[in-house]
Amino acid sequence: MFTEFLYTTQDSWSCERRVMKCGRPQCACGSDPAKRHGPYFEWTYKVKGKTVNVKLSPQAAPIYKAAAKQHRKLKIVLARLERLSKTALANLAKQADNTD
Ligand SMILES: [Zn+2]
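Residues numbered from 1 in each chain as written. Predicted model: local features only at pLDDT ≥ 70, side-chain atom pairs only at ≥ 80, totals over all residues.

## A few points about the overall build of the protein chain
Next, step 1: If you tally the helices and strands in the protein chain, you get two helices and three strands.
Next, step 2: The helix and strand sequence of the protein chain, counted from the amino end, reads α-β-β-β-α.
Next, step 3: Within the protein chain, the proportion of its 100 residues that are buried is 7%.
Next, step 4: Pairs at least 24 apart in sequence give 46% of the contacts found in the protein chain among residues at least 6 apart. (Helix = DSSP H or I, 4+ residues; strand = E, 2+ residues; numbered from the N terminus. Buried ≥ 20, exposed ≤ 12 C-beta atoms within 10 Å, placed from the backbone. Contact = placed C-beta atoms within 7 Å.)

## Brief notes about the nonpolar core
Next, step 1: Listed in full, the six residues of the largest apolar core are W13, C15, F41, W43, Y64 and A68.
Next, step 2: Within the residue set of this core, elements represented by two or more residues are β1 (13–20), β2 (37–47) and α2 (61–98).
Next, step 3: Residues in contact with C15, not counting those within four places in the same chain, are F41, W43, L56, A61, Y64, K65 and A68. (Core = buried A, V, L, I, M, F, W, Y, C linked by C-beta atoms within 7 Å.)

## So, α2
Next, step 1: Between the first and last C-alpha of α2 there are 55 Å, a value that for 38 residues agrees with the 56 Å anticipated at 1.5 Å per step.
Next, step 2: Of all 38 residues in α2, three are buried, a share of ten percent or less.
Next, step 3: For α2, every residue scored as buried is listed here: Y64, A68 and H71. (Expected span 1.5 Å × (residues − 1).)

## Quick notes on the pairing of β2
Next, step 1: Taken together, the seven bridges between β1 and β2 define a ladder with antiparallel strand orientation. Looking at β2, one finds that C15 is bridged to W43.
Next, step 2: As judged from the seven bridges shared by β2 and strand β3 (residues 50–56), these two strands associate in the antiparallel manner. For Y45, the partnering residue across the bridge sits in β3 and is V52.
Next, step 3: Between the end of β2 and the start of β3, which pair antiparallel, lie two residues, with K48 showing a positive phi angle near 50 degrees. (Pairing = 2+ DSSP bridges.)

## Observations concerning the sheet that holds β1
Next, step 1: Pairing is antiparallel in the open sheet, where three strands are placed in the order β1-β2-β3. Each edge of the sheet is formed by a strand with only one pairing partner; in this case those strands are β1 and β3. Pairs of neighbouring strands in the sheet enclose a mean axial angle of 35 degrees, with direction left out of account.
Next, step 2: Relative to β1, α2 is tilted by about 135 degrees, and along the sheet it contacts β1, β2 and β3. (Axes fitted to C-alpha atoms, helices over the stretch in contact; angles between N-to-C directions.)

## Some points on the environment of Y64
Next, step 1: Topologically, Y64 is positioned in helix α2.
Next, step 2: Between the C-alpha atoms of Y64 and E42, which are 22 residues apart in sequence, the distance is 9.1 Å.
Next, step 3: Setting aside residues no more than four positions away along its own chain, Y64 makes contact with C15, W43 and L56.

## Remarks on unusual backbone geometry
Next, step 1: In this model, G38 is joined to P39 through a cis peptide bond whose omega is 5 degrees.
Next, step 2: Its location among the elements puts P39 in strand β2.

Next comes the structure, spelled out in structure tokens:
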């Protein structure tokens, strides 16, 4: 159901779960990895080579995660189509050369 919204030419599209250190010296997150803040969810994609991070609510995260999965599948299909296109073009070019 997400495919229609998802098609993008972006190379990078992901939804990650992150934990963070706040940087306050008195906070336990600095020394204990288990006490880090979060989890936060972040949607990451690229615009003109620049990475954009968008914070997501825990409710929104699964939607973007599903979209990221769809995106990976689409990239695989597109790569396959590209290979097929190259083969088809090469064959057409060969035929054109032979009919000269
Ligand atoms: Zn902290």
